[in-house]
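Chain by chain, the residues:
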Amino acid sequence: MAVSARFPEFFQPLFGALLGACGAALIVFLPKGPGAVAAVALWTAANLAKGELGFSRWFLKLPLFGTLLAGCTLLLKWYSLISLQNSGKLWAPVIAAMTLGPATATALAWVSRPVDDEAFARLSRLGTRSAVIAIAEGCVAALLCGTRVGVILVLVMWILLRLVTMLTEWRRRGVRGADIEATRVIAETVALVLVASLRDLL
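Asker: Help me out: how do you make sense of the overall build of the chain in this one?
Answerer: From N to C terminus, the chain includes nine helices and zero strands. For the chain, the sequential pattern of α-helices and β-strands runs α-α-α-α-α-α-α-α-α. Its C-alpha atoms give the chain principal-axis dimensions of about 45 × 35 × 25 Å. In the chain, buried positions account for 50% of the 202 residues. Contacts spanning at least 24 positions in sequence make up 79% of the contacts within the chain whose residues lie at least 6 apart. Looking at the chain as shown, the accessible area adds up to about 9300 Å², and 73% of this sits on carbon and sulfur atoms. Distance between charge centroids for the chain: 4 Å, based on 19 positive and 11 negative side chains.

Below, the structure is given as structure tokens:
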């Protein structure tokens, strides 16, 4: 189980925000390239690479494809961080993206049915109040990037949530623990790429 998954659901987005702040600090205080690499390495190690490993379980017949996808998320995060650093707008976008990941994963867990032991363990303690607080934390973090970009981030996360929900329902009639972790990584990556692309609006 990933480190963040050991915390109550309402605290997981806050843990993501803390990781985002630590990653931004590494980028600011270390040289340009190594700082971004250190931030991505910190984020991956802090969650024991559970999200990245979850991709290989999405494609059981093509585990190499899942591994390549996981590698692509790391590269996209690194590229987005370099782009944000060049723009001089780093702290709010990075914190927002790393908060939205756990918030989206919590939303997926809240609206889905567990189909393995890890998902049962997580969902058994997930109540409506905790889920709503976690989702609200993600929305507030998105608004750190400004109203326009924040609304876009929330809408994209909602679309991503709907797509993952449809996929997991179609394939297994519910979610596994690996699906929740993989969704967190996808959401973090998509949010980082999005804020890097919209950096002129920040």
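Asker: Which parts of the structure should I look at to understand helix α5 (residues 91-111)?
Answerer: Structural remark: α-helix, 3.6 residues per turn; residues separated by three or four positions point the same way. Relative to the 30 Å expected for 21 residues at 1.5 Å per residue, α5 spans 31 Å between its end C-alpha atoms, a close match to the ideal helical length. Of all the 21 residues making up α5, 17 are buried; the element is thus mostly covered by neighbouring parts of the structure.

Asker: Where do I start with the packing of helix α1 (residues 12-29) against helix α2 (residues 32-46) in this structure?
Answerer: Two packed helices can be described by the angle between their axes and the distance between those axes. Following both chains from N to C, one finds α1 and α2 inclined at 155°, their axes separated by 7 Å at the closest point. On the basis of the axis angle, α1 is roughly antiparallel to α2. Along this stretch, α1 crosses α2, giving a crossing that reads as right-handed. Contact residues: Leu19, Gly20, Cys22, Gly23, Leu26 and Ile27 in α1; Gly35, Ala36, Ala38, Ala39, Leu42, Trp43 and Ala46 in α2. A per-class count over the contact of α1 with α2 returns ten nonpolar, three polar and no charged.

Asker: Where do I start with the side chain of Ser80 in this structure?
Answerer: Its place among the elements puts Ser80 in helix α4 (residues 63-87). Excluding residues that lie within four positions of it along the chain, Ser80 makes contacts with Leu192, Val193 and Ala196.

Asker: Sorry if this is basic, but what is going on with the state of the cysteines here?
Answerer: Applying the stated criterion across every chain, the model contains zero disulfides. Between Cys22, a cysteine without a disulfide, and Cys145, which holds the nearest cysteine sulfur, the sulfur-to-sulfur distance is 18 Å. The structure places no disulfide on Cys139, whose sulfur is separated from the nearest cysteine sulfur, that of Cys145, by 13 Å. Residue class for Cys139 comes out partly exposed when judged on its relative accessible area of 29%.

Asker: Mind showing me how you'd approach the nonpolar core here?
Answerer: Soluble globular proteins tend to bury their nonpolar side chains together. One finds Trp43, Leu81, Leu84, Val94, Leu153 and Leu192 to be the most contacted residues of the largest nonpolar core, which totals 45 residues. Looking at this core, the elements with two or more residues in it are α1, α2, α4, α5, α7 (128-143), α8 (147-172) and α9 (177-197).

Asker: In this structure, what is going on with α8? I would like to understand it.
Answerer: Compared with an ideal rise of 1.5 Å per residue, which puts 26 residues at 38 Å, α8 spans 37 Å between its outermost C-alpha atoms and is within 8% of the ideal. Among the residues making up α8, those that are buried are Val149, Gly150, Leu153, Met157, Leu160, Leu161, Val164, Thr165 and Thr168. In the core, the buried residues of α8 are packed alongside α5, α7 and α9. Of the residues trailing α8, Arg173 is marked for its positive phi of about 60°.

Rules of the game
- Residues numbered from 1 in each chain as written.
- Predicted model: local features only at pLDDT ≥ 70, side-chain atom pairs only at ≥ 80, totals over all residues.
- Heavy atoms only, no water.
- Helix = DSSP H or I, 4+ residues; strand = E, 2+ residues; numbered from the N terminus.
- Buried < 20%, exposed > 50% of the residue type's maximum accessible area, 1.4 Å probe, protein only.
- Contact = heavy atoms within 4.5 Å.
- Areas by Shrake-Rupley, 256 points an atom, 1.4 Å probe, with all protein chains shown as cover.
- Lys, Arg positive; Asp, Glu negative; His and termini not counted.
- Charge placed at Lys NZ, Arg CZ, Asp CG, Glu CD.
- Expected span 1.5 Å × (residues − 1).
- Axes fitted to C-alpha atoms, helices over the stretch in contact; angles between N-to-C directions.
- Parallel < 35°, antiparallel > 145°, perpendicular 65-115°, else oblique.
- Left-handed = near helix turned anticlockwise from the far one by under 90°.
- Nonpolar A, V, L, I, M, F, W, Y, C, P; charged D, E, K, R; others polar.
- Disulfide = S-S within 2.5 Å.
- Core = buried A, V, L, I, M, F, W, Y, C linked by side-chain atoms within 4.5 Å.

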